[in-house]
Amino acid sequence: MTPGVTRYVDVASRFQARDATTPAWLQRVRQEGLEHFARLGLPTTRDEAWKYTNLSPIADGAFVPSATAGSTAELSAVVARLALPGPRLVFVDGRLSPELSSVAGLPRGLTLKPLRDALVEDGALLEAELGQRALAAEQAFTALNAALLEDGAVLRLAPGALSEVPVQLLFLTRGDAPVLASPRILVVAGEGSEATLVETYASATGVSGQGFTNAVTEVTLGDNASLKHYRLQSEGDAAVHVGGLHVLQGRDSRFVSHNFAFGGVLARNEVSVTFAGEGGDATLNGLYVGRGTQHLDQRTALDHAVPRCTSRELYKGVLDDRARGTFHGLVKVRQDAQRTDSRQQNRNLLLSEHAQADTRPQLEILADDVKCAHGAVVGRLDAQALFYLRSRGIPRAEAERLLTYAFARELVDAVPEGPVRASVEGLLAPKLPGAPRTEVTA
Amino acid sequence: MALLSVRNLHARVGDKDILKGIDLEVGAGEVHAIMGPNGSGKSTLASVLAGRDAYEVTQGEVLLDGKPLLELAPEARAAEGVFLAFQYPVEIPGVGNLHFLRTALNAQRRVKGLEELDAMDFLQMAKEKSKLVQLDAAFMNRSVNEGFSGGEKKRNEIFQMAVLEPRLAILDETDSGLDIDALRTVAGGVNGLRSPQRSMVVITHYQRLLDYIVPDKVHVMAGGRIIRSGGRELALELEEKGYGWLGLQDGKAAATKGGEARR
Ligand SMILES: Nc1ncnc2c1ncn2[C@@H]1O[C@H](COP(=O)(O)OP(=O)(O)OP(=O)(O)O)[C@@H](O)[C@H]1O
Ligand SMILES: [Mg+2]
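Model, not experiment: these values are computed from the prediction.

Caption draft 1: Spatial organisation of the overall build of chain B. If you tally the helices and strands in chain B, you get 10 helices and 12 strands. In terms of C-alpha radius of gyration, chain B reaches 18 Å, essentially the compact-globule figure of 18 Å for 263 residues. C-alpha extents for chain B along the principal axes are approximately 55 × 40 × 35 Å. Each of the 263 residues in chain B was classed as buried or not, and the buried ones make up 54%. When contacts within chain B are restricted to residue pairs at least 6 apart in sequence, those whose partners lie at least 24 apart make up 69%. When the accessible area of chain B is evaluated, it comes to approximately 11,100 Å², of which 47% is carbon and sulfur surface. Put simply, chain B has 33 plus and 36 minus side-chain charges, and the middle of one group is 2 Å from the middle of the other.

Given below as C-alpha cells:
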C-alpha cells in the first residue's frame with residue numbers, strides 16, 4: 001500500500017472501531033468497503049478511467065472525517081443564500097445538521113430521511129439497496145465511501161408520487177480544515193413517480209475553502225418513473241471533490257442529470273446510467289468551468305443494455321488560466337440493444353494559452369440497428385464574432401465575457417426557469433460574469 | 001474639413017497587398033457610393049476603417065474629423081462614431097440581440113460620459129427605432145442574427161445603426177440579396193438616418209440602390225485603388241456600359257492612377 005492509501009485505511013479503521021453498537025449488516029458493509037479500498041488502492045494515471053487525472057491532492061492530503069457537525073447556527077446566512085424553497089437536509093463537514101435542515105412541505109408520497117436515521121430504522125431496505133448501483137468491489141472511491149458510511153440521505157418515492165418542489169441536499173464544508181466528508185445518497189423511485197433532487201456542494205468560506213468530499217449517489221428508477229437530478233458542485237478552489245452518480249433505469253423511465261462543476265482544485269464528476277428496461281430515456285447535461293489551476297474531470301458511462309432506449313448527452317467546458325478539463329464519455333450499446341438512439345457532444349472553450357482540454361468520446365456498439373452520433377470540439381472564441389461586438393463599441397474584455405457566457409448558457413437554459421435555475425446562475429456568476437443581469441425582451 | 005479623410009492607404013493580409021493607395025474625402029453629411037468588381041478591395045477598405053486586425057496597414061493615414069483613427073481599437077472607433085454594416089453579419093448564438101445592443105450603446109455612452117440607459121428606457125427607444133426598418137419585435141429577442149434570413153440580417157444592421165447613431169456609417173452591400181420590397185424598406189431606413197452631421201459610405205454593385213439612396217459622389221474601385229470618381233451619373237454610366245468601359249474586363253485596374261482619375 002502507498003502511504004496515501006495506508007492513511008485512509010487507518011482513518012477508516014479508527015472510524016469503524018469507534019462505534020460498537022452498529023448492526024451487523026452495516027458493520028459488514030463498512031468492513032467490506034475497507035477491504036475493497038485497501039485492495040484497490042487509489043487509482044493512478046495508468047488506470048484507463050483515470051488517465052488524465054493526477055490524484056496527488058487526495059493521496060497527499062491529511063483528510064479526516066469530522067466527528068459531528070458542531071455548532072452550525074453561524075452558518076444560517078450561508079444556508080439562506082444556497083437553500084432552495086422546499087424540503088432540505090443540510091450537512092456540515094459531512095455531518096447532518098438537524099437545526100439547519102427542514103423537511104416541512106415534503107409532498108405526499110415522498111420520504112426523505114437522513115441516512116443515519118434510516119440505517120437504524122430501515123435496515124432491511126438499506127441492506128438490500130445500498131451498494132447495488134455503486135460497486136465498492138470495483139471503484140476505490142465507492143469503497144472508501146462505504147467504509148465511512150454514516151451520513152447522507154435516503155429519498156423514497158411511493159408509486160405514482162408526484163413532486164413539483166425540488167428536494168435539496170445541501171453539503172457545506174466549513175473549509176477551514178482538511179475534513180473528509182463521505183455522503184451517501186440513496187434514491188428509490190417507485191413506478192410512475194416523479195421528482196426533482198438537487199445536490200448542492202459548497203464551501204461556507206467561499207472560494208478559499210478546502211476539504212475532501214467523496215460523495216456517492218445511487219438511484220433506482222422504477223418503471224415509468226422520472227427524476228430530474230442536479231449536482232451543483234461549487235466548493236472552494238482549494239477543495240477536492242469526487243462524486244459518483246449511479247443510476248439504474250426501469251422500463252420507460254426518464255432521467256435528466258444536470259451536472260455543474262465549478263469548484264475545487266481537483267474535482268471528478270462521474271455519472272453512470274444503465275438501462276435495465278426498454279423505452280428508457282436519459283439526458284446527461286454537464287457544464288464545467290475552471291480557472292486558476294483547477295482540474296475538472298468528467299466521466300460519463302451510458303450502458304444501453306436493452307433495446308429502444310434514448311440517450312442525449314451534452315457536456316461543455318470553459319477553461320481559463322492554467323485550468324484543465326477532461327471529458328471521457330463512454331456509450332456502450334450491447335448486442336441486444338437494437339433501436340438504441342444515442343447522441344453525445346462535448347465542446348470545450350479555452351480562454352487562455354495555458355488552459356487545456358482533453359476530450360474522449362468512446363462508443364462501443366455491438367448492436368446493428370442503432371442511431372449513434374458523437375462529436376467533440378476544443379476551440380477558442382470566434383474572432384469574427386469578437387470583432388463584430390467590438391465594432392459596435394463593446395470593449396474587448398466585455399465582448400469576451402459575453403461570448404463566453406453565450407457558449408455556456410445552453411446548459412444554464414436547459415434548467416427549467418425557477419429557483420434551481422436562479423441558484424445555478426448565482427453560483428456561476430462569479431466565474432462567468434458575462435451573464436445578462438436583466439434580460440430585456442420586446 | 002472632411003469628416004473622413006483617407007490618405008494613401010495601403011493594407012495587406014500576410015504578404016498579399018490588397019489596398020494599394022486609397023484616397024478618399026467624405027464631407028460631413030455627404031453620402032458617397034463605392035462600386036467596383038468583386039475582389040477589388042471594397043470590404044477590405046471597410047474592415048480597415050472599422051479596425052479589423054486581420055489587415056495590416058502598411059502606409060497612409062485615416063482621419064476622422066481631423067483625428068487619427070488607425071491607432072484606435074475597434075471599440076474606440078465605434079465610440080468615435082464609426083459604424084460598419086457588414087456585408088456578412090455574423091451569427092452569435094447565445095447573445096440576445098437586445099442585450100447586445102444595449103451593452104454596445106451603454107459602452108459608447110460611458111466613453112462619452114453619458115449616463116447608461118436602463119433596460120426599460122432602452123427597450124422603448126429600440127422599439128421606436130425598429131419601426132424605421134420594420135424589424136419585428138420577435139427578431140430583437142432572438143440571438144444576434146441567429147437563423148435570420150439574408151434580408152433580416154441586413155435590416156438588423158440598419159436597426160443597429162439607428163440605435164447607435166454613428167457619425168460615419170459604412171454600408172457594405174447592404175442591398176445585396178434583398179428583394180425589391182426589402183430594398184425599399186432598408187433604403188427608406190437609411191434615408192431616414194441621413195443628416196447634415198452623418199456621413200455615409202455606401203458600397204454596392206447595383207445602381208438600383210442609388211435610385212433610393214442618392215449619393216453625392218460615386219467612386220469606382222479596382223485592384224485596391226479608386227480608379228474613377230464622379231457624380232451620380234458615373235453609376236448610371238457604369239450600369240449601362242459595364243466595367244469594361246473603364247478598361248476593366250479582367251477585373252484588374254487599368255493603368256489609370258487613382259489620383260489622376262479623381263475629379
Ligand atoms: N482575410 C483575408 N485573407 C486573404 N485574402 C483576403 C482576405 N480578405 C480579403 N482578401 C482578398 O482581398 C481581395 C479583396 O477582397 P474584398 O473582400 O475586400 O473585395 P470586395 O471588393 O469587397 O469584393 P466583393 O464585391 O466580392 O464583396 C480579394 O482577392 C480577397 O480574396
Ligand atoms: Mg465585399
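Caption draft 2: Structural detail: the site of ligand 1. Residues and elements named next belong to chain B. Around ligand 1, the surrounding shell holds 15 residues, and the nearest of these are Gly39, Lys42, Ser43, Thr44 and His205. Between ligand 1 and the protein, one listed contact pairs a nitrogen atom with a side-chain N or O atom of tyrosine 55 at 2.9 Å. Looking at the shell around ligand 1, the elements with two or more residues in it are β2 (16-27) and α1 (42-50). Residue contributions to the shell around ligand 1 peak at 3 residues, all from α1. Here the residues of the shell around ligand 1 are counted per class, giving 4 nonpolar, 8 polar and 3 charged.

Caption draft 3: Quick look at the pattern of salt bridges. Counted according to the given criterion, the structure contains 41 salt bridges over all chains. Notably, a salt bridge pairs glutamate 410 of chain A with lysine 316 of chain A, separated by 2.7 Å at the nearest N-O pair. Taken together, the residues span a long stretch of sequence, with glutamate 410 of chain A in helix α9 (residues 396-413) and lysine 316 of chain A in strand β16 (residues 310-319) at a distance of 94 residues. You can call glutamate 410 of chain A partly exposed: its relative accessible area is 44%. In this structure, lysine 241 of chain B and glutamate 237 of chain B form a salt bridge, with 3.4 Å as the shortest nitrogen-oxygen distance. Highlighted residues: lysine 241 of chain B and glutamate 237 of chain B, both in helix α9 (residues 232-241), separated by 4 residues, approximately one helical turn. Looking at glutamate 237 of chain B, the relative accessible area reads 25%, which means it is partly exposed.

Caption draft 4: Region of the structure containing the sheet that holds strand β4 (residues 56-64) of chain B. Residues and elements named next belong to chain B. On the basis of which strands lie adjacent, the open sheet formed by 4 strands has the order β2-β1-β4-β5 and antiparallel pairing. Because the sheet does not close on itself, it has two edges, and the strands there are β2 and β5 (67-68). Relative to β5, β4 runs antiparallel, the two sharing 2 bridges. Bridged to leucine 63 within β5 is proline 68.

Caption draft 5: Local environment of empty space enclosed by the protein. Residues and elements named next belong to chain A. Within this structure, the stated rule accounts for 6 cavities of 30 Å³ or more. Computed from the structure, the largest cavity encloses a volume of approximately 60 Å³. Every residue lining the largest cavity is counted, 14 residues in all, and those nearest its centre are Ala49, Tyr52, Arg268, Asp297 and His328. Those elements that place two or more of their residues in the lining of the largest cavity are β15 (295-304) and β17 (324-333).

Caption draft 6: Structural detail: unusual backbone geometry. With a phi close to 60 degrees, asparagine 224 of chain A is a non-glycine residue in the positive phi region. Mapped onto the elements, asparagine 224 of chain A comes out in the loop between β9 (212-221) and β10 (226-234). With a relative accessible area of 38%, asparagine 224 of chain A lands in the partly exposed category. Unlike most non-glycine residues, glutamate 165 of chain B shows phi in positive territory, near 45 degrees. By the secondary structure assignment, glutamate 165 of chain B is in the loop between α6 (150-164) and β9 (168-172).

Caption draft 7: Structural detail: the coordination of the magnesium ion (ligand 2). Residue and element names in this part refer to chain B. Taken together, the protein ligands of the magnesium ion (ligand 2) are Ser43 (OG) and Gln87 (OE1), with distances of 2.0 to 2.2 Å. Of this pair, serine 43 sits in helix α1 while glutamine 87 sits in the loop between β6 (82-85) and β7 (92-96), and the two are 44 residues apart along the sequence. Judged by relative accessible area, which is 26%, serine 43 ranks as partly exposed.

Caption draft 8: Local environment of the interface of chain B and chain A. Taken residue by residue, the interface counts 39 residues in chain B and 23 residues in chain A. The interface formed by chain B and chain A includes 3 salt bridges. The partner of arginine 392 of chain A in a salt bridge is glutamate 157 of chain B, and the shortest N-O contact between them spans 2.7 Å. Between the two partners, chain B and chain A, sit 11 residue pairs in polar contact (both at pLDDT 80 or more).

Caption draft 9: Local environment of the layout of surface pockets. One number sums up the size of the largest pocket: a volume of about 830 Å³. For the largest pocket, the lining is made up of 37 residues, of which Glu138, Gln139, His246, Glu270 and Arg299 of chain A are closest to its centre. Elements represented by at least two residues in the lining of the largest pocket include exactly α7 (140-147), β9, β11 (240-249), β13 (266-275), β15 and β17 of chain A. Taken together, the residues of the lining of the largest pocket break down into 18 nonpolar, 10 polar and 9 charged. Looking at the second largest pocket, its volume works out to about 620 Å³. Considering the residues around the second largest pocket, the lining is formed by 32 residues, among which Leu403, Ala406 and Phe407 of chain A together with Pro93 and Gly94 of chain B are closest to the centre. For the lining of the second largest pocket, the leading source of residues is α9 of chain A, giving 6 residues.

Caption draft 10: Fine view of the packing of helix α3 (residues 97-111) of chain B against α6 of chain B. Residue and element names in this part refer to chain B. Remark: α3 packs on α6, axes separated minimally by 10 Å, with the N-to-C direction vectors making an angle of 35 degrees. Relative to α6, the crossing made by α3 is right-handed. On α6, the residues touching Asn97, Phe100, Leu101, Ala104, Leu105 and Gln108 of α3 are Asn156, Phe159, Gln160, Val163 and Leu164. Taken together, the residues of the contact of α3 with α6 sort by class into 7 nonpolar, 4 polar and no charged.

Cut-offs and rules
- Residues numbered from 1 in each chain as written.
- Chains lettered and ligands numbered in written order.
- Predicted model: local features only at pLDDT ≥ 70, side-chain atom pairs only at ≥ 80, totals over all residues.
- Heavy atoms only, no water.
- Helix = DSSP H or I, 4+ residues; strand = E, 2+ residues; numbered from the N terminus.
- Rg over C-alpha atoms; globule rule 2.2 N^0.38 Å.
- Buried < 20%, exposed > 50% of the residue type's maximum accessible area, 1.4 Å probe, protein only.
- Contact = heavy atoms within 4.5 Å.
- Areas by Shrake-Rupley, 256 points an atom, 1.4 Å probe, with all protein chains shown as cover.
- Lys, Arg positive; Asp, Glu negative; His and termini not counted.
- Charge placed at Lys NZ, Arg CZ, Asp CG, Glu CD.
- Near = heavy atom within 4 Å.
- Polar contact = N/O pair within 3.5 Å; in protein donor to acceptor, adjacent residues only side chain to side chain.
- Nonpolar A, V, L, I, M, F, W, Y, C, P; charged D, E, K, R; others polar.
- Salt bridge = Lys/Arg side-chain N within 4 Å of Asp/Glu carboxyl O.
- Pairing = 2+ DSSP bridges.
- 1 Å grid on protein atoms, 1.4 Å probe; cavity = no way out; pocket = protein on both sides within 12 Å on 5 of 7 lines; lining within 4 Å.
- Points joined across faces, edges and corners; volume = space filled by probe spheres on them.
- Donors = N, O, S within 2.8 Å, 3.2 Å for Na, K, Ca; no water.
- Axes fitted to C-alpha atoms, helices over the stretch in contact; angles between N-to-C directions.
- Left-handed = near helix turned anticlockwise from the far one by under 90°.

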